[in-house]
Amino acid sequence: MTAGLPDLETFRVTADHRDRLAKSGHRHKFDYGHVVVGAGPALQGGAARLAARAALRIGAGLVTVLAHRDAADAHAAQLNAIMLQTYDQTPRFAGQLAVLSPDAICVGPNFGTSVTAREKLNVVLAQSVPLCLDADAITMIAQDRQAFSARASDRVVLTPHAGELRRLIPGAFDRTDCRVTLARTAARDLGCVVLFKGPDTLVAQPDGTCVVVSSDGIPHAAWLATAGAGDVLAGFITGLLARGFAPACAAALGAHLHLQCAAVVGPGLVSEDLPDALPRVLSAMLSEP
Ligand SMILES: NC(=O)C1=CN([C@@H]2O[C@H](COP(=O)(O)OP(=O)(O)OC[C@H]3O[C@@H](n4cnc5c(N)ncnc54)[C@H](OP(=O)(O)O)[C@@H]3O)[C@@H](O)[C@H]2O)[C@@H](O)CC1
Ligand SMILES: Nc1ncnc2c1ncn2[C@@H]1O[C@H](COP(=O)(O)OP(=O)(O)O)[C@@H](O)[C@H]1O
């Protein structure tokens, strides 16, 4: 139980989390899962690349950015270990996704909210693999919430900040300002896992279960208030989903590691630093008895 947040468990890393984060033995990259990050318009691909790098750093075996051909040059100039796949027309997005056969998909960071973005989101929602839906994907879902709820399940993680959560459940914000109630309401109404971002990050499930990942006592956590930090979190979560962590666990563990990365980087942190701080964070965590 957390002071000031009754009826709420605080997330704690367990030996099982550590065992499952470690890489060992004779397994190869395909055993660690393939993440696909859907990218948005040309020249606006930075957020998708941040998510992709985060997914790779957290241990997904392969990560592919799936982008329109118009955006290919900008991505290719900045990606190395991360793979790039393109499509030339929106209807071919589905085919390329099928070829890639991902284990988890991230969509939202600077994805856009155009008609074609909506068509691609619908293709993603029809996939049977775990999904992390952030940013523009949440904005589009808010515009047609009932259609989403009908297709959602607890294999889907939504990662709204307060502005995005208000779009999803505007009526609830009129009734309460209790963040726990808001997170639980969203998870119940939308039928999926909801990670409500903030200094105290809440992870709620449709059955009412809710854990807090608190930044209390984490040095420099406030430096996460910087553009792109949420895109990195979406990548961490998607990488953990591809590695087989259950959605609510992937969300909470991803938020915990995000805070630990902020503590390692410290003042001056920009979002690019977060994935690159993971080796130190994971080394410390995995060497704990
Ligand atoms: N490097 C890149 O390419 C980056 C690209 N990015 C991409 O930009 C796109 C737009 O995303 P976005 O989140 O910046 O804007 P939007 O959806 O309009 O919501 C903002 C409104 O919500 C409200 N608000 C309330 N609480 C809030 C909170 N805690 N954090 C933030 N806002 C909060 C706030 O209202 P206020 O509280 O100020 O009244 C404000 O008016 C999206 O695709 C994203 O991926 C970014 O990720 C940055 C790095
Ligand atoms: N003051 C803070 N203390 C702890 N975490 C914070 C703080 N401000 C922001 N964060 C975290 O940083 C991330 C910001 O995400 P978001 O608002 O979506 O940014 P962006 O859209 O720029 O990527 C979230 O994970 C949030 O929990």
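Residues numbered from 1 in each chain as written. Chains lettered and ligands numbered in written order. Predicted model: local features only at pLDDT ≥ 70, side-chain atom pairs only at ≥ 80, totals over all residues. Heavy atoms only, no water.

Draft legend 1. Region of interest: the site of ligand 1. Around ligand 1 there are 13 residues in total, and Asn-110, Asp-136, His-161, Arg-167 and Asp-231 lie nearest to it. Separating an oxygen atom of ligand 1 from a backbone N or O atom of Asn-110 is a distance of 2.9 Å. A total of 890 Å² of accessible area belongs to ligand 1 in isolation, and the protein chains cover 45% of it. Looking at the shell around ligand 1, the element that brings in the most residues is helix α8 (residues 162-168), giving three residues. Residue classes in the shell around ligand 1 are distributed as five nonpolar, five polar and three charged. (Near = heavy atom within 4 Å. Polar contact = N/O pair within 3.5 Å; in protein donor to acceptor, adjacent residues only side chain to side chain. Areas by Shrake-Rupley, 256 points an atom, 1.4 Å probe, with all protein chains shown as cover. Helix = DSSP H or I, 4+ residues; strand = E, 2+ residues; numbered from the N terminus. Nonpolar A, V, L, I, M, F, W, Y, C, P; charged D, E, K, R; others polar.)

Draft legend 2. Just the packing of helix α11 (residues 229-242) against helix α13 (residues 273-286), in detail. The contact between α11 and α13 brings their axes to 9 Å, and the two run at 45°. What the angle tells us is that α11 and α13 run oblique. Contacts between α11 and α13 involve Ala-229, Val-232 and Phe-236 from the former and Leu-274, Pro-275 and Leu-278 from the latter. Here the residues of the contact of α11 with α13 sort into six nonpolar, no polar and no charged. (Axes fitted to C-alpha atoms, helices over the stretch in contact; angles between N-to-C directions. Parallel < 35°, antiparallel > 145°, perpendicular 65-115°, else oblique. Contact = heavy atoms within 4.5 Å.)

Draft legend 3. Region of interest: the site of ligand 2. Around ligand 2, 17 residues are found, and the nearest of them are Lys-197, Gly-198, Gly-228, Gly-230 and Asp-231. Residue Gly-228 places a main-chain N or O atom 2.8 Å away from an oxygen atom belonging to ligand 2. Contact with the protein chains covers 78% of the free accessible surface of ligand 2, which is 580 Å². Looking at the shell around ligand 2, the element that brings in the most residues is α11, giving four residues. In terms of residue class, the shell around ligand 2 is made up of eight nonpolar, seven polar and two charged.

Keep in mind these numbers describe shape, not what the thing actually does.
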